Amino acid sequence: MLIIAFLLGWVAVGIGFYLRSEWKRWQVISGASSGKPASDKEAPSAEDMTPLVRMKDKRIETFCSTCHILPPADVEPKDRWPEKIKEMYSYATGGRPVPKERIPQIEEAVDYWVLRAPEYLDVPLDAMGSPPSPRKFQERHIQLDVFPGQTAISNVQFVRFSKDGPQELLICDMRYGMVILWDPKSPTKDARVIAKIPHPTRTRVVDFDGDGLLDLLVADLGDFWPVDTDKGSAVWLRNRGNGQFDNIPLLEGQGRINDVEAADFDGDGDLDLVVGVFGNLTTGMILYMENVTKDYAHPEFEAVPIDQRTGTIDAPVLDLNGDGHPDFVAVQAQEHDHILAFINRGWGTFQPEMLYKAPHHRWGSTGIRLFDVDGDGDMDLFYNHGDSVQLPPIPRPYHGFGWVENTGKFPWPYHRLANLPGAHTSMPADLDGDGDFDLVSSVFIPVFDPKWPKANELDTVIWLEQTSPGKFRRYGLEWAFPYHPVGDVGDYDGDGDIDIVLGNFFMFKQDDPRGASSLTVFENPN
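What counts and what doesn't
- Residues numbered from 1 in each chain as written.
- Predicted model: local features only at pLDDT ≥ 70, side-chain atom pairs only at ≥ 80, totals over all residues.
- Heavy atoms only, no water.
- Helix = DSSP H or I, 4+ residues; strand = E, 2+ residues; numbered from the N terminus.
- Buried < 20%, exposed > 50% of the residue type's maximum accessible area, 1.4 Å probe, protein only.
- Contact = heavy atoms within 4.5 Å.
- Areas by Shrake-Rupley, 256 points an atom, 1.4 Å probe, with all protein chains shown as cover.
- Pairing = 2+ DSSP bridges.
- Axes fitted to C-alpha atoms, helices over the stretch in contact; angles between N-to-C directions.
- Expected span 1.5 Å × (residues − 1).
- Phe/Tyr/Trp six-rings, centres within 6.5 Å; stacked < 30°, edge-to-face > 60°.
- Lys NZ or Arg CZ within 6 Å of the ring centre and 35° of its normal.
- Core = buried A, V, L, I, M, F, W, Y, C linked by side-chain atoms within 4.5 Å.
- Polar contact = N/O pair within 3.5 Å; in protein donor to acceptor, adjacent residues only side chain to side chain.
- Salt bridge = Lys/Arg side-chain N within 4 Å of Asp/Glu carboxyl O.

*Asks:* Now, about the overall build of the protein: what can you tell me, with residues and values included?
*Replies:* When helices and strands are tallied, the protein shows four helices and 29 strands. Looking at the 526 residues of the protein, the share that counts as buried comes to 58%. Restricting to contacts in the protein with at least 6 residues of sequence separation, those with at least 24 account for 57%. Counting only carbon and sulfur atoms, one obtains 52% of the accessible surface of the protein, whose full area is about 20700 Å².

Written as structure tokens, this is what we have:
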């Protein structure tokens, strides 16, 4: 279940319309020219590297690694670096100021990166054009009547609120500010709004007050766009029975909150919270909220910041060291692109450990999911990195997904499973009924132009069939419709096998007829 980390690098609404035209410039996969290069200078030779030149380069490298590790030049094509440098300089003189004397001349920085960058980003051949699945899933496009127009689905989850109750889909939409429950066996008109929350994203099902009824914890970004705001909130939808939920804010006045996790971290018998505040440039953090409630009609917490970095997407709970106390892991995007482990030391304190560090800050983290991948009895992580709300919106060769192996000591090694531009989900399930897990992944590239060269070969939903332990065969289920940042797997149609349900998020108006649907479903054949 991922994020909504897809709004990471968005600067303003108007940029989106500019970006649509950018697709036509990038002939990355076709190999055609993208136009005049940004600079006709050549990279300096070893003979040109005088002490003065080396000193100037060192100053640029120091400045360009102020907020993140120094990236390789090939994270961007040559003629995109000038705009990227301007963006970085706007941070250095604005939201994240750097002392003026440490800032090199912008022309020098542009030349440094342009001279070292490739003309194009070469996407691996196996990143696109996957063969059609031999297993013939039935593709359906579902429009729920509750939505007045095109959707921005930010959460899809199979849920069951009682042992004998119906399996339902829990759906959040950021455009209309709705939290919805729908039984897929019922007509689409029967989907019902159980809460109005401005910009809901992650949801967690948990009996928060211990009354025997499963409640919902909902993360609210508070703003559709990536800004430093104080509108983020954590909301408790308290289950009152008979399908009724009370909307109770637990935390308000924060940056954009993207995850809320519950566990008894202090061992006193009630559920505390870890809140991932994604924020933007200055407002992100991770908060520990100790539950000191005496009356759940008026929940109370003592909040303590335990990490001041921006960009937290997911913060799932697990016992990492086997001491019986809940710990958690957090994936942080933005300039960090890493996964941290937080070891519970008691009394509301956590020891951070670097669990995984991406090679560079353009890696594009979009989410993690706990799963025992290697079957050794401990939890590993599936990890997606395909954030494509980055400038420019081009297929990036380093995007994909894989798993991070729990070896019992930090850091954990990363094993890549697939190259996939725009990868946003990793959903393990036994799709073919052979007793082992397979994998589904979907793509989110919100500013996509179907006229882009070879756009029809862009994999947007794939599944990996596990053919032997740790070995997979890749198949395509959908192409050229990259609007699925979230999804889940479960028995959608009640026939006993596992189906795939994906949420559709449209940042801009869609001419494609499929743009009228709020969900894309792939029903598994019997």
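*Asks:* Any details on the sheet that holds strand S3 (residues 168-173)? Residues and values, ideally.
*Replies:* What the four strands build is an open sheet, ordered S2-S3-S4-S5; its pairing is antiparallel. The open sheet is flanked by strand S2 (153-159) and strand S5 (192-196), the only strands paired with a single partner. Sheet twist, expressed as the average angle between the axes of neighbouring strands with direction ignored, equals 20°. As judged from the six bridges shared by S2 and S3, these two strands associate in the antiparallel manner. Paired with Phe158 across the strands is Leu169, a residue of S3.

*Asks:* An account of helix H3 (residues 81-92) is requested, with residue identities and associated values reported.
*Replies:* Spanning twelve residues, H3 covers 16 Å between terminal C-alpha atoms, matching the ideal 16 Å at 1.5 Å per step. Among the residues of H3, those classed as buried are Trp81, Pro82, Lys84, Ile85, Glu87, Tyr89 and Ala92.

*Asks:* Got a sec to walk through the packing of aromatic side chains? Specific residues and values, please.
*Replies:* The tally for this structure, following the rule as stated, stands at 33 aromatic pairs. Through a chain of ring-to-ring contacts, three or more aromatic side chains come together here, namely Phe265, Tyr288, Phe328, Phe342 and Phe350. One residue, Arg116, lies across the ring of Tyr112, its end atom 3.8 Å from the ring centre.

*Asks:* Now, about the pairing of strand S20 (residues 380-385): what can you tell me, with residues and values included?
*Replies:* Burial runs high along S20: six of the six residues are buried. Of the two faces of S20, the one lined by Asp380, Phe382 and Asn384 and the one lined by Leu381, Tyr383 and His385 are each fully buried. Here S20 runs beside strand S21 (residues 400-404); their pairing, made up of five bridges, is antiparallel. Looking at S21, one finds that Leu381 is bridged to Val404.

*Asks:* Provide a residue-level description of the nonpolar core, including the pertinent values.
*Replies:* Ranked by internal contacts, the top residues of the largest apolar core, which has 38 residues, are Ile339, Leu355, Tyr356, Tyr383 and Val404. Taken together, the elements giving at least two residues each to this core come down to helix H2 (51-63), H3, helix H4 (106-116), strand S16 (327-332), strand S17 (338-346), strand S18 (349-357) and S20. Among the elements that line this core, the one with the most residues is H4, at five residues. Ignoring sequence-local partners within four residues, the contact set of Leu355 consists of Val329, Ile339, Leu340, Ala341, Leu381, Val404, Phe410, Pro411 and Trp412. Within the second largest apolar cluster, 24 residues are counted, among which are Phe437, Ala480, Phe481 and Tyr483.

*Asks:* Talk me through the environment of Asp491; I want residue IDs and the actual numbers.
*Replies:* Tracing the sequence through the fold places Asp491 in the loop between strand S27 (486-490) and strand S28 (499-503). Residues Asp491 and Pro184, 307 residues apart in the sequence, show an inter-C-alpha distance of 9.7 Å. Look past the residues within four positions of Asp491 in its chain and what remains in contact with it is Phe158, Gln167, Gly496, Asp497 and Asp499. In this structure the side chain of Asp491 is engaged in a polar contact, spanning 2.8 Å, whose partner is the backbone nitrogen of Gly496.

*Asks:* Describe the pattern of salt bridges, with residues and values.
*Replies:* Using the criterion set out here, one finds 17 salt bridges in the structure. Salt bridges sharing common partners tie together Glu76, Arg362 and Arg396.

*Asks:* I'd love a proper account of the sheet that holds S20, names of residues and values included.
*Replies:* Pairing within the open sheet is antiparallel, and its four strands lie in the order S19-S20-S21-S22. Strands at the two margins of the open sheet, each flanked by one partner only, are strand S19 (365-371) and strand S22 (414-419). Neighbour to neighbour, the strand axes of the sheet diverge by 20° on average, direction disregarded. As paired elements, S21 and S22 share five bridges and run antiparallel to each other. Across the sheet, Phe401 pairs through a bridge with Ala418, a residue of S22.

*Asks:* Explain the side chain of His338 residue by residue, including any values.
*Replies:* Its location among the elements puts His338 in strand S17. Among the residues examined, His338 registers a relative accessible area of 2% and is labelled buried. At 2.7 Å, the side chain of His338 and the side chain of Gln332 are in polar contact. Not counting chain neighbours up to four residues away, the residues in contact with His338 comprise Arg309, Ala330, Val331, Gln332, Met354, Tyr356 and Lys357.

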